[in-house]
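# Structural features, examined
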Amino acid sequence: MSERKRIALLRKELANHNHSYYVLDKPLITDFEFDKLLAELQLLENNNPDLFDKNSPTQRVGGELIKGFIAVKHKYRMLSLGNTYSAEDLYDFDIRLKKLTDQAFEYVCELKYDGVSISLTYENGELVQALTRGDGTQGDDVTENVKTIKSIPLKLQGDYPEIFEIRGEIFLPIAGLQQMNELRIEQGLEPYANPRNTASGSLKLLDTKEVANRPLDCYLYYLLGDTLPSNNHYENLQKAKEWGFKIPNEIEKFSTIEQALKFINKWDAKRHNLPYEIDGIVIKVNNIDLQEEMGYTAKSPRWAISYKFKAEQVSTILNEITYQVGRTGAITPVANLAPVQLAGTTVKRASLHNADQIAKLDIREGDKVYVEKGGEIIPKVVGVELKDRDLFSQLTAYITNCPSCATELVRKDGDAKHYCPNRESCPPQIKGKFEHFISRKAMNIDGLGRETIELLIQEGLITEISDLYQLKKEDVLPLERIAEKSAENLIAGIEASKKIPFERVLFGLGIRYVGETVAKVLVKHFKTIDAIINSDIETLIAVDEIGGKIAESVNAYFSEDKNLLLIEELKAAGLQFVSTIEDTSKSDNLAGDKIVVSGVFQQYSRAEYKKMIEEHGGKNVGSISKSTTFVLAGENMGPSKKQKAEDLNIPMISEEEFLAKLS
Ligand code: IVH
């Protein structure tokens, strides 16, 4: 046999063994035999560099050192899921969906794996890219690290689409974490606390060899593409299993929400027997056309939801209540606890939310309290064991003045929290403002960390964000712990931040309710800071995804002279206040139109038509109503939909008619 042939044979055979071992959990040969074959292949490949294949089984062992991760735009946005916590929430979800369609539909229930989500792209049956979720719009390219995960196929078998994406969860099985920790303890290192954080940390390692050593695994649960094998989610996953993917077996189809609830309760009871962690159940509409019809909100699909299991609880002693001042001046009461183990981590502090919560639960220092870890990272106190309360315990008196600057606290109607109104000179607020501004998702200023910020504030070098841009190397050199090199880095980092796009500058300003997503929406819509400053509350609310609370907050922020002055100073310093978000609009031929896309099309895919609608100023809506402008109707449009359009006199137009409207 020629070396070329032998290489091809070994590659195929080793890929099959990987599949049997890591996906099917049914090894056909011993580890020793596997290693022998792999060594043979490695040798042959070394002798035949011209036959290199980036997806050969030899490429799974890692070895390459990555310099950093490149951010890549997702072809399909990576959404998250809405959460529910009770049967009642779930019934609401069911009712909501039934209002969106009059077609009968099935639910698919899956376990909700607690790991990191990943999006894999395959072209012609080969893995070409693996992206993390990132901010949903763009993620980090972690392909080299993902290739080391043995249950992820590098090459597919069978009848797969030419191009598609498949999404899933990378996780560390519980035994995998244990195995890693045993080794760490032997080496005198601190063991890792929980599987999710360790999985996510592993994906971001720069040493692929180290990643290859970590027993990561991956379940896939969502297929995307223009030419999927089936029009339902369940079938697509079964097909994907045939192509070689690790698809969970714990997946079931149901025709009622009651059955879904039974599935949930079954797994709530059984979840602790699983070899990996799950934090809930995901419920999805099976039919993909219907999914499209039901559509999406800004952050998540309407056609799916996650049911979160009740979090683990433990009891411990509340030693002291202290108060934290956030960057917006919001006061958070904090429970300082006798350390206790909870869901894999040691908990010493927990949130008490606000004064009402303390009063409602009558939480007091010295109490035995129940602590719970929900979806949030910070655990919270959820109850008090009254029968264990000390006879002399004192009712908690909520503070009336800022613990940091002693200013009297205020609490506005409708606000759950107390605020320190001293925005100008309350130290944690100033610090918080800067920390937010320089943070990774905002200005991401290299060479400037928390401690330096603290120093700069202490020395009176900065009080307002704009002061950063006046700093010179000579100003910072005299500071303690700042050497020549770090002073240079700091100034260079600040200089570089002037190129950060407008939406991140806007986010960095720290306007209440203006998070990353809202900042993007505002910039996309208004394009310049002046347009935002000059918009009134009505104009703001008219923007999709901007509600009353946000509009009022934005308007209030730009009504203050001191904030306007800040913007002027930042503009003068050279920061970006004009949108660079690519303008994808092509015409306003469909401006104001609300359009339903339904059926199967010949010339373009449904997704492409939806994109065109947006590019020409129209709006995609999920279901037909009185306000629908027209239906773009393909073949096999659902009969109930057709009937509804006819009943309401909504025009149904063909692909050709639609395309004619655009030109
Ligand atoms: S489907 C558009 N299915 O949960 C639907 N997600 O809270 C995309 N997750 O970002 C998600 N198990 O990382 C889906 N069986 C499952 C899942 C699952 C875990 C994660 C995923 C997602 C997050 C949402």
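In case you missed it, the structure is sitting above this.
Residues numbered from 1 in each chain as written. Predicted model: local features only at pLDDT ≥ 70, side-chain atom pairs only at ≥ 80, totals over all residues. Heavy atoms only, no water.

### Details of the packing of aromatic side chains
This model, assessed by the stated rule, comprises 26 aromatic pairs. Ring centres of F502 and F577 lie 5.9 Å apart, and the angle between their planes is 65°; on these two criteria the pair is classed as edge-to-face. Taken together, the residues span a long stretch of sequence, with F502 in helix α16 (residues 502-508) and F577 in the loop between α21 (561-573) and β17 (594-598) at a distance of 75 residues. Here F502 and F577 have matching classes, each one buried. Three or more aromatic residues link up through ring pairs in this structure, and these residues are F601, Y604, Y609, F630 and F658. Across the ring face of Y219, the terminal group of K246 is positioned such that the distance to the ring centre comes to 5.6 Å. (Phe/Tyr/Trp six-rings, centres within 6.5 Å; stacked < 30°, edge-to-face > 60°. Helix = DSSP H or I, 4+ residues; strand = E, 2+ residues; numbered from the N terminus. Buried < 20%, exposed > 50% of the residue type's maximum accessible area, 1.4 Å probe, protein only. Lys NZ or Arg CZ within 6 Å of the ring centre and 35° of its normal.)

### Overview of the sheet that holds strand β10 (residues 278-285)
Taken in spatial order, the five strands line up as β2-β11-β10-β3-β9 in an open sheet, and their pairing is mixed. Of all strands in the sheet, those bounded by a partner on one side alone are β2 (83-84) and β9 (251-254). As defined by bridge partners, strand β3 (residues 107-113) adjoins β9 across four bridges and the pair is classed as antiparallel. Within β9, the residue paired with C109 across the bridge is E252. The strands touched by helix α9 (residues 257-270) are β3, β9, β10 and β11 (304-308); relative to β3, the strand with the most contacts, the crossing angle is about 25°. (Pairing = 2+ DSSP bridges. Contact = heavy atoms within 4.5 Å. Axes fitted to C-alpha atoms, helices over the stretch in contact; angles between N-to-C directions.)

### Details of the pattern of salt bridges
Considering all chains together, one arrives at 41 salt bridges under this definition. Measuring nitrogen to oxygen at the nearest pair gives 3.3 Å for the salt bridge that ties D140 to K204. Remark: K204 occurs in the loop between α6 (195-203) and α7 (208-213) and D140 occurs in strand β6 (residues 138-140); sequence separation between them is 64 residues. Given the relative accessible area of 37%, K204 is considered partly exposed. E292 is the partner of K610 in a salt bridge, and the nearest nitrogen-oxygen pair spans 3.4 Å. Taken together, the positions of K610 in helix α22 (residues 606-615) and E292 in helix α10 (residues 288-294) put the pair 318 residues apart, joining distant regions of the chain. Each of R11, E45, D53, E126 and K155 takes part in salt bridges that share partners, so that together they form one network. (Salt bridge = Lys/Arg side-chain N within 4 Å of Asp/Glu carboxyl O.)

### Some points on empty space enclosed by the protein
For the coordinates displayed, the defined rule picks out one cavity of 30 Å³ or more. The calculated volume of the largest cavity comes to roughly 30 Å³. Around the largest cavity sit Y113, D114, F171, L172, P195, Y276 and E277, which together line it. (1 Å grid on protein atoms, 1.4 Å probe; cavity = no way out; pocket = protein on both sides within 12 Å on 5 of 7 lines; lining within 4 Å. Points joined across faces, edges and corners; volume = space filled by probe spheres on them.)

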